[in-house]
Amino acid sequence: MRVTLLGTGDTTGTPTVGCECATCRRARELDVERSRFSVHVENDRTGESLLVDCSPDFRHQFLTQDVPLPDAALVTHIHFDHLDGLGNAYRVFDNLPVHAANVTDPATDESVADTIRRKYDYLDRVTVHNQTPSERFRICGLDVRFVPVDHPPLRCYGVVIEDPETGAKCSLTGDTSYDIPEASRAALADPDLLLADAIVPASVCEHHPLGGKDHDDEGVPRTFGTKHMTREGALDLAAELGATRTRLVHLAHFYPADEAFEDPLAVDGEVYELE
């Protein structure tokens, strides 16, 4: 299984448009980018591939990264930076199966799958498939599960992708606070590669109107506000899950410039071979 990080940034990406902060300047100096979140997973055995989340930077990502167009897509939730790139399916695909959770969200009165159907009803080249959270389904020769996480006020899902032949496993937390349900933690556990939401370092919580939550024993917040993990929270989660390798994603430009591009913070274009 080959995993390519197409987009490792948050909703504005890094560099952020119009921003001259030290971190955005440093990204330009290093010629690195964190576009809006998206991950490409290729099954080496079958030659098929799937896309986790449809970034608004879809066109740029597929023009700049050496990956084939996907045979199927997964959508974790309906925020624009994870969904709105689906419009790129127009004139690009003959048919793109899109898989999404089928549970109705009280905040929207429809499921993720239903929102996609409604929002992209003009795309006759997209077919939306309902999936039940926590239940395995097979696509592109890989076993996939959507697992509930915590990203209020919307329902959001992490993703577990496993190769049934080799046992290789990639876990994605999705956009989430540290307060992931135990059943989902069990599903995410023991991955060869963990891609964990870590929008900012814990020190930035002092600038959030709600501060932070899910503090560790030393008082360090593992959640920024209510929706995303801090770097410290993501690394604690990685340790708890027993991840063989961890890359932090969905990163904002609010990391200090001298920390923003240090390991294990990911940048676009990283490739991992899982066997």
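For the structure, check the block above.
Notes on the structure follow.

Rules used in this analysis
- Residues numbered from 1 in each chain as written.
- Predicted model: local features only at pLDDT ≥ 70, side-chain atom pairs only at ≥ 80, totals over all residues.
- Heavy atoms only, no water.
- Helix = DSSP H or I, 4+ residues; strand = E, 2+ residues; numbered from the N terminus.
- Rg over C-alpha atoms; globule rule 2.2 N^0.38 Å.
- Buried < 20%, exposed > 50% of the residue type's maximum accessible area, 1.4 Å probe, protein only.
- Areas by Shrake-Rupley, 256 points an atom, 1.4 Å probe, with all protein chains shown as cover.
- Lys, Arg positive; Asp, Glu negative; His and termini not counted.
- Charge placed at Lys NZ, Arg CZ, Asp CG, Glu CD.
- Core = buried A, V, L, I, M, F, W, Y, C linked by side-chain atoms within 4.5 Å.
- Contact = heavy atoms within 4.5 Å.
- Salt bridge = Lys/Arg side-chain N within 4 Å of Asp/Glu carboxyl O.
- Arc of directions from axis to C-beta.
- Pairing = 2+ DSSP bridges.
- Phe/Tyr/Trp six-rings, centres within 6.5 Å; stacked < 30°, edge-to-face > 60°.
- Disulfide = S-S within 2.5 Å.

### Some remarks on the overall build of the chain
Argument step 1. The number of helices and strands found in the chain is six helices and 16 strands.
Argument step 2. Rg of the C-alpha trace for the chain: 17 Å, near the compact-globule value of 19 Å for 275 residues, within the 12% margin.
Argument step 3. Counting only C-alpha atoms and orienting by the principal axes, one finds that the chain spans roughly 50 × 40 × 40 Å.
Argument step 4. Within the chain, the fraction of its 275 residues that count as buried is 57%.
Argument step 5. If you sum the accessible surface of the chain, you get close to 11500 Å²; carbon and sulfur atoms cover 46% of it.
Argument step 6. Charge separation in the chain, taken as the distance between the mean sites of 25 positive and 49 negative side-chain charges, equals 3 Å.

### Let's talk about the nonpolar core
Argument step 1. Among the nonpolar cores identified, the biggest contains 51 residues, and Val-3, Leu-50, Leu-86, Ile-116 and Ile-161 are the most heavily contacted of them.
Argument step 2. For this core, the leading source of residues is strand E5 (residues 96-101), giving four residues.
Argument step 3. Look past the residues within four positions of Ile-161 in its chain and what remains in contact with it is Met-1, Val-41, Leu-50, Val-52, Leu-142, Asp-143, Val-144, Ala-168, Lys-169, Cys-170 and Leu-172.
Argument step 4. Counting residues in each nonpolar core, the second largest holds 23 residues, with Tyr-178, Ala-196, Ala-243 and Ala-260 among its members.

### Side note on the pattern of salt bridges
Argument step 1. In this structure the tally under the stated criterion is 21 salt bridges.
Argument step 2. Its salt-bridge partner being Asp-114, residue Arg-117 comes within 2.8 Å of it at the nearest N-O pair. Taken together, the positions of Arg-117 and Asp-114, both in helix H4 (residues 112-119) and three residues apart, correspond to about one turn of that helix.
Argument step 3. With a closest N to O distance of 4.0 Å, Arg-185 and Glu-182 form a salt bridge. With a gap of three residues between them, Arg-185 and Glu-182 both fall in helix H5 (residues 182-188), about one helical turn apart.
Argument step 4. The buried category is assigned to Arg-185, whose relative accessible area is 11%.

### Focus: helix H1 (residues 22-30)
Argument step 1. Listing the buried residues of H1 in full gives Thr-23, Cys-24 and Ala-27. Down the axis of H1, the sector holding all buried residues measures 100°, keeping them to one side.
Argument step 2. Where H1 terminates, the next one or two residues include Asp-31, which has phi positive at roughly 60°.

### Regarding the sheet that holds strand E12 (residues 212-215)
Argument step 1. Pairing is antiparallel in the open sheet, where three strands are placed in the order E12-E13-E14. The sheet is open, and its two borders are formed by E12 and strand E14 (228-229), each paired with just one other strand.
Argument step 2. Note: E12 against strand E13 (residues 221-224), three bridges, orientation antiparallel. When the bridges of E13 are listed, His-215 appears paired with Pro-221.

### Some details on the packing of aromatic side chains
Argument step 1. In this structure the tally under the stated criterion is five aromatic pairs.
Argument step 2. Ring geometry for Tyr-120 against Tyr-122: centres 6.0 Å apart, planes inclined by 45°, an arrangement best described as tilted.
Argument step 3. According to the relative accessible area criterion, Tyr-120 is buried, its value standing at 7%.
Argument step 4. Taking the centre distance of 6.3 Å and the plane angle of 75° together, the rings of Phe-146 and Tyr-157 count as edge-to-face.

### A look at the state of the cysteines
One way to say it: the disulfide is the covalent bond shared by the sulfur atoms of two cysteines.
Argument step 1. Throughout the structure, instances matching the rule amount to zero disulfides.
Argument step 2. Counting only cysteine sulfurs, Cys-21 is the nearest neighbor of Cys-24, a cysteine outside any disulfide, at a range of 3.6 Å.
Argument step 3. Residue classification places Cys-24 among the buried residues on the basis of a relative accessible area of 0%.

### Digging into H4
For the α-helix, the turn length of 3.6 residues means that residues three or four positions removed from each other point alike.
Argument step 1. Those residues of H4 that sit buried are Val-112, Ala-113, Thr-115 and Ile-116. When H4 is viewed along its axis, its buried side chains cluster within an angular range of 160° and face the same direction.
Argument step 2. Buried residues along H4 sit against helix H3 (80-83), E5, strand E6 (126-131) and strand E9 (157-162).

### As for the side chain of His-82
Argument step 1. Looking at the secondary structure, you find His-82 in helix H3.
Argument step 2. Of the residues examined, His-82 reaches a relative accessible area of 1% and is grouped as buried.
Argument step 3. In contact with His-82, not counting residues within four places along its chain, are Phe-37, Asp-53, Cys-54, Val-75, Thr-76, His-77, Asp-175 and His-250.

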